[in-house]
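Per-entry structural report
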Amino acid sequence: MWAYIARRLVQGLAVIALVVTATFVLIRLAPGDPFAATLDSPTVSAETRARWSAHYGFDRPVPVQFARYFATIVQGDFGYSTSQRRPVGDVLADALPNTLLLMFVALVLSFALGIALGVFQAVRRGTAPDRLLGSVTLFFYSMPDFWLALMMMLTFAYWIPLFPVTGMVDAVMYPYWPFWRQMLDRLHHLVLPALTLTLLTAAVIARYQRAAMLDVVHDEYVRTARAKGLAERAIVRRHALRNALLPVITLFGLAFPALLGGAVFVERIFSWPGMGFLTFNAIMTRDYHLVTGSVIVGGVMVVVGSLLADVLYAAADPRLRRP
Amino acid sequence: MRISLASAALALLSLGCADRDSTTDGDAPTGGTLVIASAADAGTLLPPLIDDVSGKQVADQIFDRLAEIGAEVNTIGDRGFTPRLAQRWDWAADSLSIAFHLDADARWHDGRPVRASDVRFSHAVYRDPAVASPHAEVITNVDSISVRDSLTAVVWFARRTPEQFFEATHQLLIVPEHLLRDIARKDLATSAFARNPVGSGRFRFVRWTPGATIEIIADTANYRGRARLDRVIWSFAPDPTAAATKVFAGEADYFEALRREQIPEVEKNPLLRTLRYPQLAYTFVGFNTRNTLFANRELRRALVMAVDRQKLVRSVFDSLTSVATGPFIRAAAPAIPPIPQIAFDTVRAGATLDSLGWRDSNADGIRDRAGRPLTFSLLVPGTSAFRIRMAVLLQEELRRVGVDMKVEQLDINMMGDRQNTRRFDAIFGGWNLDPSPSGIRQTFTTVATKPGGFNYTHYSNPVFDALVDSAATTMNPEQSRGYYERAYGIIVQDAPVMFMYEFQGLAVAHRRLNITGIRPEAWWAGIADWSIAADQRIERDQIGLRVAPK
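Basis of the calculations
- Throughout this description, residue numbers start from 1 for each chain and increase along the sequence as written.
- Chain letters and ligand numbers both follow the written order, the letters beginning at A and the numbers at 1.
- Since the coordinates come from a predicted model, pLDDT governs what is reported: local features require at least 70, and pairs of side-chain atoms require 80 or more to be given and counted, while whole-chain, interface and lining totals use all residues.
- Here a helix means four or more residues in a row that DSSP labels H or I, a strand means two or more in a row labelled E, and each is numbered from the N terminus.
- Between the buried cut of 20 or more and the exposed cut of 12 or fewer other C-beta atoms within 10 Å of a residue's own C-beta lies the partly exposed class, and all C-beta atoms are placed from the backbone.
- C-beta atoms are placed from the backbone for every residue, and two residues are taken to be in contact when these atoms lie within 7 Å.
- The size measure is the radius of gyration over C-alpha atoms, and the globule rule it meets is 2.2 Å times the number of residues to the 0.38 power.
- Two strands qualify as a pair provided that DSSP identifies no fewer than 2 bridges between them.
- Orientation is described by lines fitted to C-alpha atoms, with helices fitted over the stretch in contact, and by angles between N-to-C directions that extend from 0 to 180 degrees.
- Classification convention: Asp, Glu, Lys, Arg as charged; Ala, Val, Leu, Ile, Met, Phe, Trp, Tyr, Cys, Pro as nonpolar; all other residues, Gly among them, as polar.
- The term nonpolar core means buried Ala, Val, Leu, Ile, Met, Phe, Trp, Tyr and Cys residues held together as one set by C-beta atoms within 7 Å.
- What marks off one domain from the next here is an automatic or database domain assignment.
- Here the word oblique covers every angle except those under 35 degrees (roughly parallel), over 145 (roughly antiparallel) and from 65 to 115 (roughly perpendicular).
- A crossing counts as left-handed when the near helix is turned anticlockwise from the far one by less than a right angle, and as right-handed when that turn is clockwise.
- An expected span of 1.5 Å times one less than the residue number is assigned to each helix.
- Across the chain, bend at a residue is computed as the angle between axes fitted to the seven residues ending at that point and the seven starting from it.
- Scored from 0 to 100, pLDDT reflects the predictor's confidence in each residue.

Here we look at the overall build of chain A
On a plain count of helices and strands, chain A comes out with eleven helices and two strands. Beginning at the N terminus, the succession of helices and strands in chain A can be written as α-α-α-β-β-α-α-α-α-α-α-α-α. Taken over the C-alpha atoms alone, chain A extends approximately 85 × 55 × 40 Å along its principal axes. The buried share among the 323 residues of chain A stands at 41%. Excluding contacts between residues fewer than 6 apart, the proportion of contacts in chain A whose partners are at least 24 apart in sequence is 74%.

Considering the overall build of chain B
Within chain B, the secondary structure is distributed over 15 helices and 20 strands. For chain B, the C-alpha radius of gyration of 25 Å lies close to 24 Å, the compact-globule estimate for 550 residues. Each principal axis of the C-alpha distribution contributes one length, and for chain B these read about 80 × 60 × 45 Å. Taken over 550 residues, chain B has a buried fraction of 50%. In chain B, of all internal contacts separated by at least 6 residues, the share reaching a separation of at least 24 is 69%.

Observations concerning unusual backbone geometry
If you check the backbone angles, A:Ser271 has positive phi at about 50° while not being a glycine. Take A:Ser271: it is sitting in the loop between helix H9 (232–269) and helix H10 (275–284).

A look at the sheet that holds strand E6 (residues 142–149) of chain B
Residue and element names in this part refer to chain B. Pairing is antiparallel across the open sheet formed by four strands, whose spatial order is E4-E5-E7-E6. Each edge of the open sheet is held by one strand with a lone partner, namely strand E4 (86–91) and E6. Direction aside, neighbouring strands of the sheet carry axes that sit 25° apart on average. Looking at chain direction, E6 and strand E7 (residues 152–157) are connected through six bridges and run antiparallel. Each bridged residue has a counterpart across the sheet, and for Val 142 the counterpart in E7 is Phe 157. Its contacts with the sheet place helix H3 (residues 116–127) against strand E5 (97–102), E6 and E7, and it is angled at close to 165° to E6.

What to know about the interface of chain B and chain A
Each partner contributes to the interface: chain B provides 51 residues, whereas chain A provides 42 residues. Grouping the constituent residues of the side of chain B that touches chain A by class yields 22 nonpolar, 18 polar and eleven charged.

Describing the sheet that holds strand E18 (residues 497–510) of chain B
All names here are of chain B. Pairing is mixed across the open sheet formed by ten strands, whose spatial order is E8-E9-E10-E1-E11-E18-E12-E17-E15-E16. The sheet is open, and its two borders are formed by strand E8 (203–209) and strand E16 (404–410), each paired with just one other strand. Sheet topology note: the strand E15 (residues 375–381)/E16 ladder contains seven bridges and is parallel. Residue Pro 381 lies in a different strand from E16, and its bridge partner there is Leu 410.

Description of the nonpolar core
Counting 233 residues, the largest nonpolar core has B:Phe255 and B:Met498 as the members making the most contacts within it. Among the elements that line this core, the one with the most residues is H9(A), at 17 residues. Apart from residues lying up to four places away in sequence, B:Met498 is in contact with B:Phe284, B:Val285, B:Leu303, B:Val304 and B:Val307.

Here's the deal with the domain arrangement of chain B
Residues and elements named next belong to chain B. Segmenting chain B into domains produces domain 1 (1–62 + 193–277 + 505–550), domain 2 (64–174) and domain 3 (281–502). Counting from both sides, the interface comprises seven residues of domain 1 and, opposite them, nine residues of domain 3. Residue composition of the side of domain 1 that touches domain 3, grouped by class: four nonpolar, one polar and two charged.

Description of the packing of helix H14 (residues 462–473) of chain B against helix H15 (residues 477–494) of chain B
All names here are of chain B. The interhelical angle for the contact between H14 and H15, taken along N-to-C directions, is 155°, at an axis separation of 8 Å. Judged by the inter-axis angle, H14 sits roughly antiparallel to H15. Crossing of H14 against H15: the hand is left-handed. On the side of H14, the interface is formed by Val 463, Phe 464, Leu 467, Val 468, Ser 470 and Ala 471, while H15 contributes Ser 480, Tyr 483, Tyr 484, Arg 486, Ala 487, Ile 490 and Ile 491.

Quick word on the pairing of E8(B)
Residues and elements named next belong to chain B. Within E8, five of the seven residues are buried, which leaves the element mostly enclosed by the surrounding structure. In the sheet, E8 pairs with strand E9 (residues 213–218) via six bridges, with the strands oriented antiparallel. Bridge pairing in E9 links Thr 209 to Thr 213. As consecutive antiparallel partners, E8 and E9 are separated by three residues, and within that stretch Gly 211 has a phi angle of approximately 75°, a positive value.

A few points about the environment of B:Leu102
Residue and element names in this part refer to chain B. Position of Leu 102 relative to the elements: it lies in strand E5. Separated by 57 residues in sequence, Leu 102 and Leu 45 have C-alpha atoms that sit 23 Å apart. Beyond its immediate stretch of four places on either side in the chain, Leu 102 contacts Leu 85, Ala 86, Gln 87, Val 114, Ala 116, Leu 151 and Ala 153.

Points about the domain arrangement of chain A
Residue and element names in this part refer to chain A. Entries for chain A in the domain assignment read domain 1 (2–86) and domain 2 (94–321). The centre of domain 1, based on its C-alpha atoms, is set 31 Å off from the matching centre of domain 2. Domain 1 puts 24 residues into the contact, and the matching count from domain 2 is 19 residues. Contributing elements (two or more residues each) for the side of domain 1 that touches domain 2: helix H1 (2–29) and strand E1 (80–81). For the side of domain 1 that touches domain 2, the leading source of residues is H1, giving eleven residues. When grouped by side-chain class, the residues that make up the side of domain 1 that touches domain 2 number 14 nonpolar, seven polar and three charged.

Digging into helix H7 (residues 179–216) of chain A
Over its 38 residues, H7(A) runs only 48 Å from end to end, short of the ideal 56 Å by more than 12%, given 1.5 Å per residue. Along H7(A), the sharpest kink reaches roughly 40°, centred on A:Val191 and followed within four residues by the proline A:Pro193.

Some thoughts on the confidence of the model for chain B
Residue and element names in this part refer to chain B. Across chain B, the average pLDDT comes to 89, with 95% of residues at or above 70. Counting interchain partners and residues more than four positions distant, the pLDDT-below-50 stretch residues 1–25 has 32 contacts. With pTM at 0.80, the complex prediction returns an ipTM value of 0.71.

Observations regarding the environment of B:Thr292
Mapped onto the elements, B:Thr292 comes out in the loop between strand E12 (272–287) and helix H8 (297–305). Remark: the alpha-carbon pair of B:Thr292 and B:Gly70, spanning 222 residues in sequence, is separated by 45 Å.

Quick word on the pairing of strand E10 (residues 231–236) of chain B
Residues and elements named next belong to chain B. Most of E10 is tucked away, with six of its six residues classed as buried. Where burial is concerned, the two faces of E10 agree: the one with Arg 231, Ile 233 and Ser 235 and the one with Val 232, Trp 234 and Phe 236 are both buried. As defined by bridge partners, strand E1 (residues 33–38) adjoins E10 across six bridges and the pair is classed as parallel. The residue of E10 that forms the bridge with Ala 37 is Ser 235. Pairing of E9 with E10, which is carried by five bridges, proceeds in the antiparallel orientation. The residue of E10 that forms the bridge with Ile 214 is Trp 234.

Shown next, in the form of structure tokens:
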């Protein structure tokens, strides 16, 4: 098992290195530069912008920039953010926990909801509730993430103002509230972005789970359990579900990057100060080091997520542990 | 020149009677929290390096200038300027220097007194190439600053110009030498001070949560008097729509860039109101005069003639803004008489195009000449809904006279790239103006056509250049105004650009705010005097001057 994990980690590092190289080159090939925002201001001359560019080393050939960047990366330095004017490491350290919190909540909720819905539909296959839930999950499955986020915000923050519009906490009152109120405020702000990501991901999981359940409910061991006179609930929970979970565990590895991708739009729309929000702004402002740093962190999260899924799969299916 | 000296002397005399910007007297109450929704975070709060509006809004509350420009935004001489760090000032007889006498009570927020050496240091920082300040080039006329005594800073100018006082004051926020002198200049941008500044303004810095908020509170012992509000918070949103929604949802009190279609939302909400005010910005359709098509002055004039700009502006903005009539904003230049425009006349436009050989020979609705259709593309920033809408209407107007204009929507980076490299036929651009009218030297004169210059259209007319130069160097304000007026007339008739619309500030504000002192170039200039009546305060107004632990 450990050799397997080590092999996967090495593969993951290679993938991250490739992605970082591609990002590093592509963002520099894209039109514009980190100082394009000043183009509307006639007082900022081309000479001043050139001086800024030289200050950050962006005037050097791309291979030289890459070599320098690589040298700093291996020392744990992600460079300097031109849009936030502070070290990229600090910027990422602020944003990453926020994304992890959002993703953790969304992941837990979406798997819980998705598995429950899938099982419910499978055991009631062909009934009206199954068809209704099938349509609902298809609706969310086919919905663009940014559109759902916008609709959630408009519906539950604007037309029916139950939740805050944006941010992680109340911009004004949070520091002045007692601890319990601060926690409530955080939860209050978490609801809409987490629910958006949950609905998007749970729809996929529910459809997979339903199909997986339908595959196993006709297997012989389920028929045997039923013949032994076990209660239907026990059959589903102890026999069918356990085996039907294996394909869904694979989804965990896929859900991780999907959630990360979805978080880019969801975080942006809800101003959730996480990796997605950061990456989007970094791309728009051509903040080269921040874009590359975000991609590295995103890459690590995806590699770790898929590795975790493989390990879970191996743990759940003893056949995979055999040498 | 003599008139300028005389006006300077008069201004000096009048200073004896001028009221210091009175703040704490009067009936307005103190207290309350103002939350400003903003669509972009600041980049830095170190004044010499600020190049974004959010940073400028915050820094203008925390730091002071020597003197503040007046409500009329006059940039010639010192008329209208009010004392800030400088209590008074004396012009030298030759006008090549001005001695600023600092207020002995002025203190940095850490308690240290503000001294003349701080003024000298600030200028040195702004001008140091290692700092690469975006403002360095607008203060090049300030040759040096010397310290006569601890409370007298003497600003020396390279040459006498009508705007030398403006250059020495408006462009220069004074920063504390004792906190910055030990930091290498090249490291100032990354210093802790840039994110945790100490100033001398009526608000002091509290905290900055990147991407979320910047918070400042009233400096209760300030030499200019306590700010009326306890606290101001900038709350950042990812885009203007989300920022406006914060105000609609009650999470913020003020947003400066409301869209026309959002007005009904404001009208439905009894707690909100709209505010309109002029802004120093305008848009234009610029023709690339290096393009053989647009090198022809008559063709450009015909295109301008073919467009009913009044109708376009009315269609997109209703009565919210007006047609731009030149490279200036009328509200900021009230003394400039109306500039004669190329009148809307499709018949004459058609006749001009006919006379230039552009006729619809194949009856496809588009004029052509020697087998080449009269077609061009217009670059439009995809982020500007107004410009996109207007471009579509413009396309239709031009189609009616047989001109095929294609609209190319680009993201801001792509557009900047095409603009810089002059790879465009026409561009829907806009300029944010400095209060000084001499800014057109950077945007429309021949010298600005060089690579990296801002004259993207490559417009070049020696008469226009000469008039602008004369206007910028003439000491007589009336004469200067006359030169500008003639220059504006020439550029309008040469039509290197089609002036489209002036920006009209449209803000949404909570009704409990008593808002004063909005200036065209800085609506935030009077925030320290905004107030909230005691009986209208809401939960966030009750925080007082408490500062939560960081």
